[in-house]
Amino acid sequence: MVKVIDRLLLFVLSVVVLIVGCSVLLCALGWIPFDKAVNFARDVYFDLHTALTFISLTVVTMLISIRLLIVSLPRSSAVVPSIDQRTEFGDIRISMETVENLSLKAAQRTRGVKDLKARVKVSPAGLEIIIRAIVDGETSIPQLTEEMQAGVKKHIEEITGIPVAVVTVFIANIQQSTPTFKSRVE
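Residues numbered from 1 in each chain as written. Predicted model: local features only at pLDDT ≥ 70, side-chain atom pairs only at ≥ 80, totals over all residues. Heavy atoms only, no water.

Enquirer: Explain the layout of surface pockets here, please?
Expert: Regions of empty space are outlined by a rolling probe, equal in size to a water molecule, passed over the atoms. Here the largest pocket is characterised by a volume of approximately 520 Å³. Surrounding the largest pocket, 19 residues form its lining, Val-16, Ile-19, Val-20, Phe-40 and Phe-54 being those nearest its centre. Looking at the lining of the largest pocket, the elements with two or more residues in it are helix 1 (2–28), helix 2 (34–46) and helix 3 (48–72). In terms of residues, the lining of the largest pocket owes the most to one element, helix 1, which gives eight residues. Residues that form the lining of the largest pocket fall into these classes: 15 nonpolar, three polar and one charged. (1 Å grid on protein atoms, 1.4 Å probe; cavity = no way out; pocket = protein on both sides within 12 Å on 5 of 7 lines; lining within 4 Å. Points joined across faces, edges and corners; volume = space filled by probe spheres on them. Helix = DSSP H or I, 4+ residues; strand = E, 2+ residues; numbered from the N terminus. Nonpolar A, V, L, I, M, F, W, Y, C, P; charged D, E, K, R; others polar.)

What follows is the structure, encoded as structure tokens:
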């Protein structure tokens, strides 16, 4: 919900900046007569209704700008994404990187796998683990992926105690065999 409000605020701020920018450009090009610009400036200074409207719009625009500036600033780098668990003895925090590395360790035990990458997401049902692999091309892919999924799920649940909802395996490619040529020296 907060992201929707921030997007709406960004839209409103963009419209206000666009209108002000167009007005200034039209003044600079001489398309807005000088006397009208002077009359508006005089109204801002001396007409209470115009001044209050102008002040309100300016304050709202400044508040929106401050809010978006605060949202855009990076958070503290000390906050590492983690999975938090509460036990009877206290809290346990396991970093996402730890779970990714455990997933890679379990997936590497599968024969026929050459290159692996893992990504972990947390969902209400448990962990969603996505593994990208390059295989040797000599092992049955359905058998290999099934074995990898079961191994990763079992290993993560045993080590971390966190339920794994799904393990998705994406076979990106097969490893190309390098030709073996013997060089002949004459």
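Enquirer: Can you help me understand the environment of Asp-6 in this one?
Expert: Structurally, Asp-6 is set in helix 1. For the pair Asp-6 and Lys-153, spaced 147 residues apart in sequence, the C-alpha separation works out to 38 Å. Sequence-distant contacts of Asp-6, defined by excluding residues within four places in its chain, comprise Arg-67, Leu-68 and Val-71. A distance of 3.1 Å separates polar atoms of two side chains, one belonging to Asp-6 and the other to Arg-67. (Contact = heavy atoms within 4.5 Å. Polar contact = N/O pair within 3.5 Å; in protein donor to acceptor, adjacent residues only side chain to side chain.)

Enquirer: Quick question: what am I supposed to make of the state of the cysteines here?
Expert: In a disulfide, the sulfur atoms of two cysteines are held together by a covalent bond. Under the defined criterion, the tally for this structure stands at zero disulfides. Here Cys-27 stays free of any disulfide, with the sulfur of Cys-22 as its closest cysteine sulfur at 11 Å. (Disulfide = S-S within 2.5 Å.)

Enquirer: Please explain a nonpolar patch on the surface as it appears in this structure.
Expert: On the surface, a cluster of nonpolar side chains totalling about 680 Å² of accessible area is made up of Leu-48, Leu-52, Ile-55, Val-59, Leu-63, Ile-66 and Ile-70. Along the chain, Val-59 turns up in helix 3. (Patch = residues over 30% accessible without salt bridge, like charges linked within 9 Å, V, L, I, M, F, W, Y side chains within 5 Å. Areas by Shrake-Rupley, 256 points an atom, 1.4 Å probe, with all protein chains shown as cover. Salt bridge = Lys/Arg side-chain N within 4 Å of Asp/Glu carboxyl O.)

Enquirer: Would you mind going over the pairing of strand 3 (residues 113–123) with me for this structure?
Expert: Pairing geometry for strand 3 and strand 4 (residues 126–135), over 10 bridges, is antiparallel. Across the sheet, Lys-121 pairs through a bridge with Glu-128, a residue of strand 4. The turn linking strand 3 back onto strand 4 is made up of two residues. (Pairing = 2+ DSSP bridges.)

Enquirer: When you look at the nonpolar core in this model, what are you seeing that I'm missing?
Expert: Nonpolar side chains in soluble globular proteins generally cluster together in the buried interior. In this structure, Leu-116, Leu-127, Ile-129, Ile-131, Met-148, Val-152 and Ile-156 are the most contacted members of the largest nonpolar core, which totals 25 residues. Those elements that provide at least two residues to this core are helix 4 (96–108), strand 3, strand 4, helix 5 (141–160) and strand 5 (164–174). The element best represented in this core is helix 4, accounting for six residues. (Core = buried A, V, L, I, M, F, W, Y, C linked by side-chain atoms within 4.5 Å. Buried < 20%, exposed > 50% of the residue type's maximum accessible area, 1.4 Å probe, protein only.)

Enquirer: Please clarify how the packing of aromatic side chains should be interpreted in this entry.
Expert: Here a ring pair, both rings aromatic, is described through the centre-centre distance and the interplanar angle of the planes. If you walk through the whole model with that rule in mind, you get two aromatic pairs. With centroids separated by 6.3 Å and ring planes inclined at 45 degrees, the aromatic side chains of Tyr-45 and Phe-46 adopt a geometry described as tilted. No difference in accessibility class separates Tyr-45 from Phe-46, as the two residues are exposed. (Phe/Tyr/Trp six-rings, centres within 6.5 Å; stacked < 30°, edge-to-face > 60°.)

Enquirer: In this structure, what is going on with the pattern of salt bridges? I would like to understand it.
Expert: Side-chain pairs of opposite charge can arise where the charged atoms are in close proximity. Inspection of the entire model under this criterion finds five salt bridges. Note that Arg-67 is salt-bridged to Asp-6, the shortest N-O span being 3.1 Å. With Arg-67 in helix 3 and Asp-6 in helix 1, this residue pair connects regions lying 61 residues apart in the sequence. Overall, Asp-6 belongs to the buried group, its relative accessible area being 12%. For the salt bridge of Arg-86 with Asp-91, the shortest nitrogen-to-oxygen distance reads 3.0 Å. For Asp-91, a relative accessible area of 54% gives the class exposed.

In short, shape yes, function no, at least from these values alone.
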